[in-house]
Amino acid sequence: METTNPPVAPAAGAADGRSALGRALGILADRWVLLILQRAFLLRIRTFAGWRDELGISESVLAVRLKELVAHGIFERTPYRDGRTRSEYRLTGPGLRLWSFLVAIHSWERDWADRPGLLTLVHDSCGADARPYLGCGGCGKPMTARDTRTVRGPLATFDRVGLPRHHRRTVRAGSGREDYIGYCPHSMEILGDRRSTSVLAAAFLGIRRFVDFQQEIGIAPSVLTDRLKRFTELGVLRTDTEGAYRLTDQGLAFFEVLAFLTDWAQRELPGPAGSDLAITHRPCGTPLRPVLVCRFCHGTLARREIHFDLGGPPPAH
Ligand SMILES: [Zn+2]
Ligand SMILES: [Zn+2]
């Protein structure tokens, strides 16, 4: 994992002054947003009442999240008649392309969180439990954080990711079907609020020391202390003998998730050329093009060729 940091101070102006990844975090690094999306993919939920009943989320919180997801072009709202006219929320193209990111979350959680009962992801082509790993779309070989090179453009900062939302810290226990529906508690802690995700993303960019995290992300010392402590407890960071924070193997493996998030952000929310992160697979020199690969047959996993085993027949596509 090599990182080259920006040669110049962040430029103002371009887009809204944030990196593609920063803007993606602003939209997606929210526990409820992730749960809404996960249910849309896994259970094909499309209606307000569907999410409300499934997640036990308050109507006002759900209404705000759906409105934002429509505004960001992830869902489109379409009327349908059910006695009276109601709205349905359908994933758009950009929304559907979040699929790999959500599968990567599940995959990392299953590999590292030691949580029994997470759903099995079946690769329909070979019939096996896919247990996907991250591959490079350029050369087809496995890809890890260690064999990438990252060059930071001037907008690739996190200091404007924004304040966290005010939301309940945990999803109410026993609500919905989180007991078997692939609820991913560790990923949710990392991705469930923007500041947490920014701390981990900064660690991937080579930030090691408390003061450097603080400067990079611009968050209150007490909040930063809390996040670093929690990530250490979760086993994604450790402190070395000099008190610097380093990614553990488990933390490094989270690159799988960040790779898909970054890829999505750069495709769907592109900033000016050269302004953002440029991640390269060093062995082949291909710019970041992450794919999920089946651990059994080594085929690339496409959205329509896999399904989560929910204990019943696979949902219709
Ligand atoms: Zn490659
Ligand atoms: Zn397979």
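One can find the structure itself at the top, above this paragraph.
Residues numbered from 1 in each chain as written. Chains lettered and ligands numbered in written order. Predicted model: local features only at pLDDT ≥ 70, side-chain atom pairs only at ≥ 80, totals over all residues. Heavy atoms only, no water.

## Regarding the coordination of the zinc ion (ligand 1)
Within the protein, C136 (SG), C139 (SG), H281 (ND1) and C284 (SG) serve as the donor atoms for the zinc ion (ligand 1), at 2.0 to 2.4 Å. Between the four donor atoms coordinating the zinc ion (ligand 1), the angles at the centre fall across 99 to 116°, so the site counts as tetrahedral. Spacing between the donor residues of the zinc ion (ligand 1) along the chain follows C-x2-C-x141-H-x2-C. Here H281 lies in strand 9 (residues 277-281) and C139 lies in the loop between strand 5 (133-136) and strand 6 (148-152), a separation of 142 residues in the sequence. With a relative accessible area of 31%, C139 lands in the partly exposed category. (Donors = N, O, S within 2.8 Å, 3.2 Å for Na, K, Ca; no water. Tetrahedral: all angles 85-135°; square planar, octahedral: opposite > 155°, others 65-115°. Helix = DSSP H or I, 4+ residues; strand = E, 2+ residues; numbered from the N terminus. Buried < 20%, exposed > 50% of the residue type's maximum accessible area, 1.4 Å probe, protein only.)

## Here we look at the coordination of the zinc ion (ligand 2)
Donor atoms from the polypeptide that bind the zinc ion (ligand 2) are H123 (ND1), C126 (SG), C294 (SG) and C297 (SG), placed at 2.1 to 2.4 Å. Coordination at the zinc ion (ligand 2) comes from four donor atoms whose angles at the metal span 100 to 117°, giving a geometry best classed as tetrahedral. Each donor residue of the zinc ion (ligand 2) lies on one chain, and together they are spaced H-x2-C-x167-C-x2-C. Remark: C297 occurs in the loop between strand 11 (290-293) and strand 12 (306-309) and C126 occurs in the loop between strand 4 (120-123) and strand 5; sequence separation between them is 171 residues. Residue C126 is classed as partly exposed on the basis of its relative accessible area of 28%.

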